[in-house]
Each structure stands twice: as C-alpha cells, then as structure tokens.
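Spelled out from the first residue to the last, the chains are:
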Amino acid sequence: MAKAVGSSPTESIAIMTTTSIKDQIRKLVDLQVMDIEVYRLKSELRDRPAEIEAFKASFEAKKDKLKSLEDQLKAILVRQKGDEGELKSKEEAILKADGQLFQLKTNKEYQAKLLEIESLKADKSLVEEKILLGFDQIEAARKAVEVEKAVVASYEKEFQAKKKEADGMIAVANDQLKVKESQRSRLTPDVRPDILSRYERILQKKEGLAIVPVKNHACGRCFMHLTEQLIHEIKMHDQLVACDACARLLYLEDDL
Ligand SMILES: [Zn+2]
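Just so it is clear, the structure is predicted and the values come from calculations on it, not from any experiment.

S.K.: An account of the pairing of strand E1 (residues 211–215) is requested, with residue identities and associated values reported.
M.R.: Burial analysis of E1 places four of its five residues in the buried class, the great majority of the element. Across three bridges, E1 lies against strand E3 (residues 249–251) in parallel orientation. Bridged to Val212 within E3 is Leu250. Both E1 and strand E2 (residues 218–219) contribute to a ladder of two bridges, which runs antiparallel. Bridge assignment links Val214 to a residue of E2, and that residue is Cys219. Counting the residues in the hairpin turn of E1 and E2 gives two residues, including Asn216, whose phi is positive at 50°.

S.K.: Please set out the pattern of salt bridges residue by residue, giving values where relevant.
M.R.: The full count for this structure, using the stated rule, is 20 salt bridges. Salt-bridge contacts for Lys63 lead to Glu60; the nearest nitrogen and oxygen are separated by 3.5 Å. Of this pair, Lys63 and Glu60 both sit in helix H2 (residues 21–101), separated by three residues, roughly a single helical turn. A relative accessible area of 34% places Lys63 in the partly exposed class. Classification of Glu60 by relative accessible area gives partly exposed; the value is 31%. Of the charged contacts, one joins Glu148 and Lys65 as a salt bridge, the two residues approaching to 3.6 Å between their closest N and O atoms. On the criterion of sequence distance, the pair formed by Glu148 in helix H3 (residues 107–187) and Lys65 in helix H2 is long-range, its members being 83 residues apart. Here the salt bridges do not stand alone but share partners, grouping Asp23, Arg26 and Lys27 into one network.

What counts, and where the lines are drawn
- Residues numbered from 1 in each chain as written.
- Predicted model: local features only at pLDDT ≥ 70, side-chain atom pairs only at ≥ 80, totals over all residues.
- Heavy atoms only, no water.
- Buried < 20%, exposed > 50% of the residue type's maximum accessible area, 1.4 Å probe, protein only.
- Helix = DSSP H or I, 4+ residues; strand = E, 2+ residues; numbered from the N terminus.
- Pairing = 2+ DSSP bridges.
- Salt bridge = Lys/Arg side-chain N within 4 Å of Asp/Glu carboxyl O.

The structure is reproduced here in structure tokens:
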C-alpha cells in the first residue's frame, strides 16, 4: 500500500483521479460506524477496572477502620484486666492491714495503721470507679466493632458483586472489540492512505468521532453554523471538508 504522507503533488493528483472523494467519504462513514463502537468498547475497558479499583480502595479503608476499632477494644480489655488485678491487690492489702490492727501495741501504731487502711480504701474506690467506667467503654467499643463489622460485610458483598459484573462486562467488551477491529480491518484497505491517516488523527484527538453529518446547516457534532460556501464545497466532492470549529470531517447524508 502506497503511503500518501510525504508523497509528491503529482502522485497525489494521480491517486485523486483513481478514487472519487465521494466514494472515500462513504467508506469513512462506514468506518466511523465501526469506530464509534471501538471507541465505546475501549473506554469501557479503560474505565471499568479503575471503577473497581476505586471501590476496592474504599472497601480496604473500611477494613482498616474495623481493625483499628478491634485494636482499641483489645487495649481497653487489657487495661481493664490490669485494673481488676489492682483491685484484688488493694482488697488483699486492706484485709492484711485489718488483721494487723489488733496485734499493734501502741496507740500511735494503731492510728497509723487506721490511716493506712483509710488510704488503701480510698485507692480501692478509685480503682472501682475506673473499672465501672471501663465496663461502659468496653460496651461502647464492642458496639462500634459490631457496627463496623456489618459495614465491612455489606461492602464485601457489594464489592464481590461489582467485581463479578465488571469481569463479565470486560470479557464481553474484549470479545466485541476483537470482532469490531477485525470488521474494521476489512474496510481500511479501501480507504486512501492519506485520507485514512487524516481520519485516524482526527479520531484520536476528537473522542473517536472523526466524520459527522451536516444537520440543519450546522456541524452534526459541535453545531457550528456552516456557510453556504462550505456546504457547496462539501457537495462538490473535490476534497475533504472539515468543520472550522471542531475540525471533524463533514458530509451530507442525502448526498451519499
Ligand atoms: Zn464541528
């Protein structure tokens, strides 16, 4: 296949005489029908995995939150166990001091022991308050863990369903893309190489839409009003005519 890019003007003219522009536009319109689908399928194949990744990230964040709530609960339980141990040792110390009370000889020693017992009892009631508070904290922390567990479970279910759906759609889109690309490759040899490369450049820059019909004297895509002169040029079929605003190629549906 001869490459038109960089070919000399005489070569271009020679090719021009062998293929009519009207015929080329007809082929580009057929190609565009395929390429709309190709573009749609490629977008889907690009966007779907990204959507799933984004959902997975928020699912992972929920799991992290659950883990940190579970760690908090564990820390409270450890502290509570420590406080309970401290309470036991205070109770034992009080019992021991109570037992010693009657073995003391002097009033001074007796009064000192009484003070010691009072102080132990004050410490004990502080520890008891801490333990009571701890029970409330444990209950609240357990509740928070349960709530987050339910959130994670529902996210997991949703994630698996979304992933399954996306995997299915990706497989279908890949199949369809193969079919479309193969159909497309049967059309391209009939398009002049310079025209094909211009069409494909526009296709890439313009969201998969390179050739559009004129609708009510305007570009079928960007709706820019077209002059009588431009429409006349399209009708002449001497050359490819592009929209001044969006650079897409133009054709008249009734004219083909
Ligand atoms: Zn336009």
